[in-house]
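Here are the chains, one letter per residue:
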Amino acid sequence: MYNITLIYTRHKESGNCNSIVLYNIIEQIKPEIIFEELSYTNFDQCYNQMSLVTLESRAIKRYIQNHQAKQIPVDTFPLPQYYYEELDRMYNKICNSNTIHESRVLQNLLKHQSRLEDQYGFQFLNSDVNDRLFEEINLLTEALLNILNDETLYRIRRLEKEIIERREYEILKNIYDFSIKNLFNQAIVFIGSGHRRSLMALIEQFEKEENLKLHWMMYNR
């Protein structure tokens, strides 16, 4: 009981990162429960209003046409107003400061990561190689913030780190809370690949503290 496969993904389709490949992965696992990296609002927009479409939602909609599966939105930590607008402001600044060498390096690194996603799809997104790329990206981001030395950008970065930690905790807490109340055999969790390393560490913490033991598995082609 309580087998949960973590599948790290991205939210937009491109190359071999597409909903058909993801559907085939879901079909192999045949989950009864699908935990989705969506807020309640985004879940409603995806499946009721049909105003939001993601790579994952396309694959899930295809799967539930022929299978019974309960869908659970778990990314429910409330975000501050204008949170994503602030992040866009910060990343636009650090990624488009073309007179700074580190900014050009970051641009090239992001393009390289995107090419690998397109070429290798979910195999890459669920790999240590992608983890190391994210580590390089984070180091360059911090270096650029230090070069720019802008307190507003520092504040946005601190907020981003805090929100990511709280979101990840909320996601796992929601999964454990649901599992305590509901029996199941196979479940999957979709979450962006940038969370892979930190979420794996947080799962270890939950496994030590929670009474219910879930059987976590990492997707591996």
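What counts, and at which threshold
- Residues numbered from 1 in each chain as written.
- Predicted model: local features only at pLDDT ≥ 70, side-chain atom pairs only at ≥ 80, totals over all residues.
- Heavy atoms only, no water.
- Core = buried A, V, L, I, M, F, W, Y, C linked by side-chain atoms within 4.5 Å.
- Buried < 20%, exposed > 50% of the residue type's maximum accessible area, 1.4 Å probe, protein only.
- Helix = DSSP H or I, 4+ residues; strand = E, 2+ residues; numbered from the N terminus.
- Contact = heavy atoms within 4.5 Å.
- Expected span 1.5 Å × (residues − 1).
- Arc of directions from axis to C-beta.
- Salt bridge = Lys/Arg side-chain N within 4 Å of Asp/Glu carboxyl O.

**Some words on the nonpolar core**
Within the largest apolar cluster, 42 residues are counted, with the highest numbers of intra-cluster contacts made by Ile7, Leu22, Ile26 and Phe190. Elements supplying a minimum of two residues to this core: helix H1 (19–29), helix H2 (40–47), helix H3 (55–64), helix H4 (83–95), helix H5 (101–125), helix H6 (128–148), helix H7 (151–181) and strand E4 (186–192). Of the residues forming this core, the biggest block, six residues, is contributed by H5. Setting aside residues no more than four positions away along its own chain, Ile7 makes contact with Leu22, Ile25, Ile29, Asn126, Ile188, Val189, Phe190, Ile191 and Tyr219. In terms of nonpolar packing, the next biggest core, distinct from the first, is built from 24 residues, Phe35, Tyr176, Leu199 and Leu214 among them.

**Quick notes on H4**
For H4, built from 13 residues, the straight-helix expectation of 18 Å at 1.5 Å per residue is met to within 8% by its first-to-last C-alpha distance of 18 Å. What H4 keeps buried is the set Tyr83, Glu86, Leu87, Met90, Ile94 and Cys95. Relative to the axis of H4, the buried residues are bounded by an arc of 150° and lie together on one face. Close packing links the buried residues of H4 with H5, H6 and H7.

**Some points on the pattern of salt bridges**
Taken as a whole, this structure holds 16 salt bridges when the rule is applied. The closest approach of N and O atoms between Glu13 and Arg58, which form a salt bridge, is 3.1 Å. Placement of Glu13 in the loop between strand E1 (3–9) and H1 and of Arg58 in helix H3 is noted, with a sequence separation of 45 residues between them. Between Lys173 and Asp177 there is a salt bridge, with its nearest N and O atoms 2.9 Å apart. Note that Lys173 and Asp177 are positioned in helix H7 at a spacing of four residues, about one turn of the helix. One network of salt bridges, in which partners are shared, links Glu142, Arg157, Glu160 and Lys161.

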